[in-house]
Amino acid sequence: MQKRNATVAVIGAGDFIGGEIAKKFASEGFTVFAGRRNGAKLEPLVKEIEKAGGEIHARSLDARKEEEIISFLGDADKHAPLEVCIFNVGANVNFPILETTERVFRKVWEMACYSGFLAGREAARLMLPRGKGNIFFTGATASLRGGIGYAAFASAKFGLRAVAQATARELGPKNIHVAHLIIDSGVDTEWVRQRRIEALGPTALDDPDALMPPSSVAESYWLLYQQPKSAWTFELEIRPFGEKW
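Counting starts from 1 at the beginning of each chain's written sequence and moves along it residue by residue. At least 70 in pLDDT is required for a residue's local features to be given in this predicted model, at least 80 for side-chain atom pairs to be given and counted, and no such filter applies to totals for whole chains, interfaces and linings, which use all residues. Note that the side-chain values use all heavy atoms of the structure and ignore hydrogens as well as water.

*Asks:* What exactly am I supposed to notice about the sheet that holds strand β5 (residues 133-140) here?
*Replies:* Hydrogen bonds along the backbone pair up the strands of a sheet, which may run parallel or antiparallel. At least two DSSP bridges between two strands are needed for those strands to be called paired. What counts as a helix is a DSSP run of H or I of at least four residues, what counts as a strand is a run of E of at least two, and both are numbered from the N terminus. As summarised here, the arrangement of the 7 strands in space is β3-β2-β1-β4-β5-β6-β7, forming an open sheet in which the pairing is parallel. Each edge of the sheet is formed by a strand with only one pairing partner; in this case those strands are β3 (55-60) and β7 (235-238). Across the sheet, the axes of successive neighbouring strands diverge by a mean angle of 15 degrees, strand direction being ignored. In this structure, β5 lies alongside strand β6 (residues 176-183), joined through 8 bridges in parallel fashion. From the neighbouring strand, G139 faces β6, where its bridge partner is I182. Each of β1 (7-11), β4 (82-87), β5 and β6 is contacted by helix α4 (residues 102-127), which is oriented at about 175 degrees to β4, the strand it contacts most. Orientation is described by axes fitted as lines to C-alpha atoms, over the contacting stretch for helices, and by angles from 0 to 180 degrees between their N-to-C directions. Residue contacts follow a heavy-atom distance rule, with two residues in contact if any of their heavy atoms lie within 4.5 Å.

*Asks:* Any chance you could explain helix α1 (residues 17-27) here in plain terms?
*Replies:* The periodicity of an α-helix, 3.6 residues per turn, causes residues three or four places apart in sequence to face the same way. Summarising burial for α1: 8 of the 11 residues are buried, a large majority. Buried residues along α1 sit against β1, β2 (31-36), α2 (43-51), β4, β6 and α7 (214-226). Positive backbone phi, at 100 degrees, marks G29, one or two positions downstream of α1. Note on exposure labels: buried denotes an accessible area under 20% of the residue type's maximum, exposed denotes more than 50%, and partly exposed covers the range between, all computed with a 1.4 Å probe on protein chains only.

*Asks:* Even after reading the chapter, I still don't get the packing of helix α3 (residues 66-79) against α4, so can you show me in this structure?
*Replies:* How two helices pack is summed up by the angle between their axes together with the distance between the axes. The interhelical angle for the contact between α3 and α4, taken along N-to-C directions, is 35 degrees, at an axis separation of 10 Å. Taken as a pair, α3 and α4 cross one another with a handedness that is right-handed. Only L118, A119, R121, E122, A123 and L126 of α4 make contact with α3, whose side of the interface consists of E66, I69, I70, L73, G74 and D77. Throughout this entry, Asp, Glu, Lys and Arg are counted as charged residues, while Ala, Val, Leu, Ile, Met, Phe, Trp, Tyr, Cys and Pro are counted as nonpolar. The remaining residues, Gly among them, count as polar. Considered class by class, the residues forming the contact of α3 with α4 number 7 nonpolar, 1 polar and 4 charged. Each crossing is labelled by how the near helix is turned from the far one, with a counterclockwise turn of less than a right angle marking it left-handed and a clockwise turn marking it right-handed.

Function cannot be inferred from these measures alone, as they are strictly geometric.
Here you go:
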């Protein structure tokens, strides 16, 4: 593993997608700064990356709090130049419209949209003086379509897409690659597996290609990072080959 003098910040380093992103970039020599609401849950990820020879700094992070985002990204940049910031906070909930409380709607927006704005702005603040960097946002099918029961989630993901698009148009000419990755599929996590069984019955998991492995999402982010600036992608949609769309 060739060490790089660079950090990647993973905001929303959960057990699946976020963790795989962290492992991928660590394996490529980046120092990883990983943040999630409960930092204690990052211990297995830390052990795995360090065992493989990588470097990771993990901490608790509430991405909705401006001061915590500033501190988290600032510390990453002090360790080594912040080269990549990946915003991967989820907030996928499903409620009928009459059961969507004011609190649910507001909290989902804070988690999936407002905190993405904070992350993108503060990453840009650190990258612009150097004239280079990468800011990537995780989107979903709900970034483009408001399905039944997804008023809160879709409105937040629509908003995050707008934040990403506006940021990309502003920062692209300044050599900051901003991209939005739409995951148009169920990702292979325990939560998604249980939801599929509840909705489709005991045979829902018989097809091994029906769900997207989290490692495939990480590989897609790595591909975005590797793109030459003469051919940057803003929006990348990914789905399993058998997914209907």
